[in-house]
Amino acid sequence: MERKMLRIKDITTYLESWAPSSLQESYDNSGLLLGEKTDEVNQVLISLDITEEVIDEAIATQSDFIIAHHPFIFKGLKKIGDSHWIDRCIRKAIKNDIAIYAIHTNLDNIHTGVNKKIAEKVGLSKTSILQPKKETLSKLTVFMPVENKDEVLNAMYAAGAGNIGNYDHCSFQIEGTGTFRGNEDSNPTIGNQGEDESVQETRCEVLVPTYRINQVLNAMNEAHPYEEVAHYINPLSNINQEVGAGMIGHLPQPAKTKEFLLSLKKSMNLDIIRHTKIVRDEISKVAICGGSGSFLLKSAIAKSADIFITADFKYHDFFEANEEIIIADIGHYESEVFTKELLQDALTKNFTKFAFRLSKVDTNPIKYL
């Protein structure tokens, strides 16, 4: 049997159901940077960065689609020549018909994303988002006949509604009487055109991540028996525990600080760790952030982390530890290089008959003597 060809949109649709583009930061440029969504895909190469060497690797391995964590196009381009590495990457990719997709801060901001992978490498449990985001949730209220309640709610749950932290299928329900009268163009499920009708209904309220609202509405409408579904949506300012920056968790048991740093060096395959004064004899509670995480230092201190593992701390920022926490700067590349494995694992589980190749190119621009 001939294998059905994958298209770019098949892969990107899955990735964006996992890490929606709407969750990327305002400065970011995630998404399909080069290529057509309808193009067929023969071989996928997964990389942390886009460089000329990575594109050469794609050419050598006959990969026609590169999925990278970091976008290589951030600013507006007025011309594409050959004097800058970004220009050369664009030209080479286009000449060789290679599509490029970036999944950056949207993958950072989900609880199963970049920071969860780091937490697994470090050995953390009981993890949660370090700095959860506000205003990413909505409340959906829908009215339905009592006898159809479970069918409609289960469809909405399956589409992503009703999750609160470690609990799912969460809703508030109350029964009452719904009234309506259909006009001459209506096709009522209950009652007749032009006649007043009253029905025992259940009012159900569920939380929905705002980025999933359309798919939940589609599921609701598909399962609901009424021709016109009475519902309304309220944006919420609540904190969303499933979305945000960084992660915090616990070691299985406290570790001596020096031993923990040595194990961190081994588990994350580090050449060097830049750290502040050792102000804890033991490490138990650990905060992490892949990439540039200095903006989360206050959150890590506020949540009583013993150590904050991240990258890109500037000299003066280290003073902000204020002997309240240990800062461990492990390097930007080093903190996120395992994102390649994260992407490969997720894609392989969803596309079981398609191979996803990991780039072998070391794209770290920083070298240590």
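In this report, the structure presented in the accompanying data block is examined. (Residues numbered from 1 in each chain as written. Predicted model: local features only at pLDDT ≥ 70, side-chain atom pairs only at ≥ 80, totals over all residues. Heavy atoms only, no water.)

Bringing helix α2 (residues 52-60) into the picture now. Note: α-helices contain 3.6 residues per turn, so residues at a spacing of three or four share the same orientation. When α2 is considered as a whole, its buried residues turn out to be Val54, Ile55, Glu57 and Ala58. Down the axis of α2, the buried set is contained in an arc of 155°. They therefore lie on one face. Tucked into the core, α2 has its buried residues touching β4 (44-47), β5 (65-68), α3 (85-95), β6 (99-102) and β17 (356-358). (Buried < 20%, exposed > 50% of the residue type's maximum accessible area, 1.4 Å probe, protein only. Helix = DSSP H or I, 4+ residues; strand = E, 2+ residues; numbered from the N terminus. Arc of directions from axis to C-beta. Contact = heavy atoms within 4.5 Å.)

According to the stated counting rule, one finds eleven salt bridges in the structure shown. We note a salt bridge from lysine 92 to aspartate 56, for which the minimum N-O separation is 2.9 Å. With lysine 92 in helix α3 and aspartate 56 in helix α2, this residue pair connects regions lying 36 residues apart in the sequence. A salt bridge links lysine 277 to glutamate 323; the nearest nitrogen and oxygen atoms lie 3.4 Å apart. Residue lysine 277 is found in the loop between β13 (274-275) and β14 (282-292), and its partner glutamate 323 is found in the loop between β15 (307-311) and β16 (326-329); the two are separated by 46 residues along the sequence. Taken as a pair, lysine 277 and glutamate 323 share a single burial class, namely exposed. A cluster of three or more residues bridged by salt bridges with shared partners is formed by Lys139, Arg203 and Glu205. (Salt bridge = Lys/Arg side-chain N within 4 Å of Asp/Glu carboxyl O.)

Below, the discussion takes up the pairing of β14. Note that strand β12 (residues 239-256) and β14 share six bridges and pair antiparallel. Note that in β14 the partner of methionine 247 across the bridge is isoleucine 288. In the sheet, β14 pairs with β15 via four bridges, with the strands oriented parallel. Within the sheet, the bridge partner assigned to alanine 287 lies in β15 and is phenylalanine 308. Chirality of the crossover, the property in question, places the unit of β14, helix α9 (residues 297-302) and β15 among those that are right-handed. (Pairing = 2+ DSSP bridges. Right-handed = clockwise from strand over helix to strand, strands pointing away.)

This paragraph deals with the nonpolar core. In this structure, Ile11, Leu15, Ile67 and Leu264 are the most contacted members of the largest nonpolar core, which totals 52 residues. For this core, the element with the highest residue contribution is helix α1 (residues 8-18), accounting for five residues. Not counting residues within four places of it along the chain, the set of residues in contact with leucine 15 comprises Ile67, Tyr101, Ile103, Leu343 and Leu347. Core analysis: the second largest hydrophobic core is formed by 19 residues, Ala159, Leu217, Ala219 and Val229 among them. (Core = buried A, V, L, I, M, F, W, Y, C linked by side-chain atoms within 4.5 Å.)

This part takes up the pairing of β15. A large share of β15 lies buried, amounting to five of its five residues. Burial of the side chains of β15 extends over both faces: Ile307, Ile309 and Ala311 are buried on one face and Phe308 and Thr310 on the other.

Let's shift gears to unusual backbone geometry. The phi dihedral of glutamine 62 is positive, around 60°, even though this residue is not glycine. Relative to the assigned elements, glutamine 62 resides in the loop between α2 and β5. Residue aspartate 312 is not a glycine yet carries a positive backbone phi of 65°. Considering the arrangement of structural elements, one finds aspartate 312 in the loop between β15 and β16.

Take the sheet that holds β13 next. Spatially, β7-β12-β14-β15-β16-β13 is the arrangement adopted by the six strands of the open sheet, whose pairing is mixed. Here the strands that pair on one side only, and so sit at the sheet edges, are β7 (125-134) and β13. Two strands pair when backbone bridges link them, and β13 and β16 are joined in this way by two bridges, in the antiparallel orientation. Counted as the bridge partner of arginine 274 is aspartate 329 from β16. In the packing of helix α5 (residues 114-122) onto the sheet, contacts are made with β7, β12 and β14, and the angle to β14 comes to roughly 145°. Where helix α8 (residues 257-267) meets the sheet, its contacts fall on β12, β13, β14, β15 and β16, and the angle it forms with β12 comes to roughly 120°. (Axes fitted to C-alpha atoms, helices over the stretch in contact; angles between N-to-C directions.)

Taken together, four strands build an open sheet; the order of strands is β9-β10-β8-β11 and the sheet is antiparallel. With partners counted over all chains shown, the strands left at the sheet margins are β9 (172-180) and β11 (231-236), one partner each. Along the sheet, successive strands turn relative to each other by an average axial angle of 25°, direction set aside. Summarising the sheet, strand β8 (residues 137-145) and β11 pair through six bridges and their orientation is antiparallel. When the sheet's bridge partners are listed, lysine 139 is paired in β11 with asparagine 234.

Here we come to the side chain of threonine 12. Topologically, threonine 12 is positioned in helix α1. Classification of threonine 12 by relative accessible area gives buried; the value is 6%. Setting aside residues up to four positions removed in sequence, threonine 12 forms contacts with Phe65 and Tyr101.

Right, let's get into a nonpolar patch on the surface. Where nonpolar side chains cluster on the molecular surface, the patch consists of Ile272, Ile366 and Tyr368 and spans about 270 Å² of accessible area. Looking at the secondary structure, you find isoleucine 272 in the loop between α8 and β13. (Patch = residues over 30% accessible without salt bridge, like charges linked within 9 Å, V, L, I, M, F, W, Y side chains within 5 Å. Areas by Shrake-Rupley, 256 points an atom, 1.4 Å probe, with all protein chains shown as cover.)

With that settled, consider the packing of helix α6 (residues 149-158) against helix α7 (residues 213-223). Where α6 contacts α7, the axes come no closer than 8 Å and their chain directions differ by 155°. Taken together, the axes of α6 and α7 are roughly antiparallel relative to one another. At the point where α6 passes α7, the crossing takes the right-handed sense. Between α6, through Glu151, Val152, Ala155 and Met156, and α7, the contact on the second element is made entirely by Val216, Ala219, Met220 and Ala223. Classifying every residue of the contact of α6 with α7 by side-chain character gives seven nonpolar, no polar and one charged. (Parallel < 35°, antiparallel > 145°, perpendicular 65-115°, else oblique. Left-handed = near helix turned anticlockwise from the far one by under 90°. Nonpolar A, V, L, I, M, F, W, Y, C, P; charged D, E, K, R; others polar.)

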